[in-house]
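Survey of secondary and tertiary structure
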2 protein chains.
Amino acid sequence: MSLEIRKATDEDFDSIWEIFHHIAQIGESYIYPADTTYKEAYKIWMVDTTPYVAVLDGEIVGTYLIRQNKVGRGSHVCNAAYMVHHDYRKQKIGQAMCEDSLVEAKKQGYQAMQFNIVVSTNHKAVALWMKMGFEVVGTIPKAFDHEKLGLVDAYIMHRFL
Amino acid sequence: MSLEIRKATDEDFDSIWEIFHHIAQIGESYIYPADTTYKEAYKIWMVDTTPYVAVLDGEIVGTYLIRQNKVGRGSHVCNAAYMVHHDYRKQKIGQAMCEDSLVEAKKQGYQAMQFNIVVSTNHKAVALWMKMGFEVVGTIPKAFDHEKLGLVDAYIMHRFL
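The rules we used
Residues numbered from 1 in each chain as written. Chains lettered and ligands numbered in written order. Predicted model: local features only at pLDDT ≥ 70, side-chain atom pairs only at ≥ 80, totals over all residues. Heavy atoms only, no water. pLDDT = per-residue confidence, 0-100. Patch = residues over 30% accessible without salt bridge, like charges linked within 9 Å, V, L, I, M, F, W, Y side chains within 5 Å. Areas by Shrake-Rupley, 256 points an atom, 1.4 Å probe, with all protein chains shown as cover. Salt bridge = Lys/Arg side-chain N within 4 Å of Asp/Glu carboxyl O. Lys, Arg positive; Asp, Glu negative; His and termini not counted. Charge placed at Lys NZ, Arg CZ, Asp CG, Glu CD. Helix = DSSP H or I, 4+ residues; strand = E, 2+ residues; numbered from the N terminus. Buried < 20%, exposed > 50% of the residue type's maximum accessible area, 1.4 Å probe, protein only. Least-squares fit on C-alpha atoms with pLDDT ≥ 70 in both. Contact = heavy atoms within 4.5 Å. Phe/Tyr/Trp six-rings, centres within 6.5 Å; stacked < 30°, edge-to-face > 60°.

Let's shift gears to the confidence of the model for chain A. Taken residue by residue, chain A gives an average pLDDT of 97. The fraction at 70 or more is 99%. Among the prediction metrics, the complex's ipTM stands at 0.94, with pTM recorded as 0.95.

Structural data, given as structure tokens:
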């Protein structure tokens, strides 16, 4: 598999936006509303984060970011987020990005990684994070307004690095 | 009890800062580091929030805020934070502010309130939130770097409005 994962640059953002925008339209896995703009997405994904891209045969097929989960006395814990291009699902790109992120986050000095709002009905993601060593440490009832299902529970998932 | 709770204005911020700064110095209940500046505190407490103050006989003795916990598909849940002036503890000012915040948050259209990082060793706060109808819905191991105790667990607490 010729998948390369590297830090993202501003030049990558048009490709990242294509992925981000599609996922926001679907409304089943991320909080970002369907009408999130290019500029807002840039701020979310590229500012005060370390963004990465997954490149397969020259195409950007996925992106992830690492950022502080909280400032100050919570800053030893990072948050990460992953998006795979809809044409490249089921190719373990999410898994490859997660594996990479665990190494990168540790390099950056973080002691743990936390996901704050994993949609409970996103079974494939939940299963992948558990395979990657994350545990469900909390369940927030009706925390996510799913495009098709309405209000569904969200999990908080965590692992030490 | 002549406690008045009202929306905060910019003119109140010097008093809010005195409370905030003291709590940041102690480092036992909030993530904000001891060296948080006046300007940073203003941004945290007054921008993109609805801030309130509790006034006792003309003195600002406490402050709280309500804000969106997440954008978009998580925006029906709010977050709130409360600080009581150290000279006015044990006078149920925190409880009065929490009661007020539950009413105000509902007025603002929120469906639930979530606390993201309640320090597990802050027993009085945990007990008060439980009395106010919140439940511990998650425990993040070693999520808070306590000034005296080092890394301690943090709770996620939640209630519907």
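Here the narrative resumes.
Our focus in this paragraph is a negative patch on the surface. All names here are of chain A. A contiguous patch of negative charge, built from Glu18, Asp57, Glu59 and Asp87, is present on the exposed surface. On the secondary structure map, Glu18 appears in helix H1 (residues 13–26). Judged by its relative accessible area of 44%, Glu18 falls in the partly exposed class.

What follows concerns the relation of the copies chain A and chain B. Between the two copies, chain A and chain B, the superposition gives an RMSD of 0.0 Å; the rotation angle is 180 degrees and the shift along the axis is 0.0 Å. On this basis, the relationship between the two copies can be described by a two-fold rotation axis. Within chain A, A:Gly138 has its C-alpha nearest the rotation axis, a separation of 1.8 Å. When the interface residues of chain A are mapped onto chain B, 100% of them again fall at the interface, so both copies present the same face.

Attention now moves to the pattern of salt bridges. For the structure on display, the rule yields eight salt bridges over all chains. One salt bridge connects B:Glu147 with A:Arg73, and the closest N-O pair in it is separated by 2.6 Å. Of this pair, B:Glu147 sits in the loop between strand E6 (135–146) and strand E7 (150–160) while A:Arg73 sits in the loop between strand E3 (59–68) and strand E4 (77–84), placing the two residues on different chains. In this structure, the salt-bridge partner of B:Arg6 is B:Asp12, at a minimum N-O distance of 2.8 Å.

All names here are of chain A. Summed over all chains, the structure comprises 28 aromatic pairs over all chains. Plain terms: the ring middles of Tyr82 and Trp129 are 4.9 Å apart, the flat faces sit at 40 degrees to each other, and that makes the pair tilted. Of this pair, Tyr82 sits in strand E4 while Trp129 sits in helix H4 (residues 123–131), and the two are 47 residues apart along the sequence. Residue classification places Tyr82 among the buried residues on the basis of a relative accessible area of 8%. Residue Trp129 is classed as buried on the basis of its relative accessible area, which comes to 10%.

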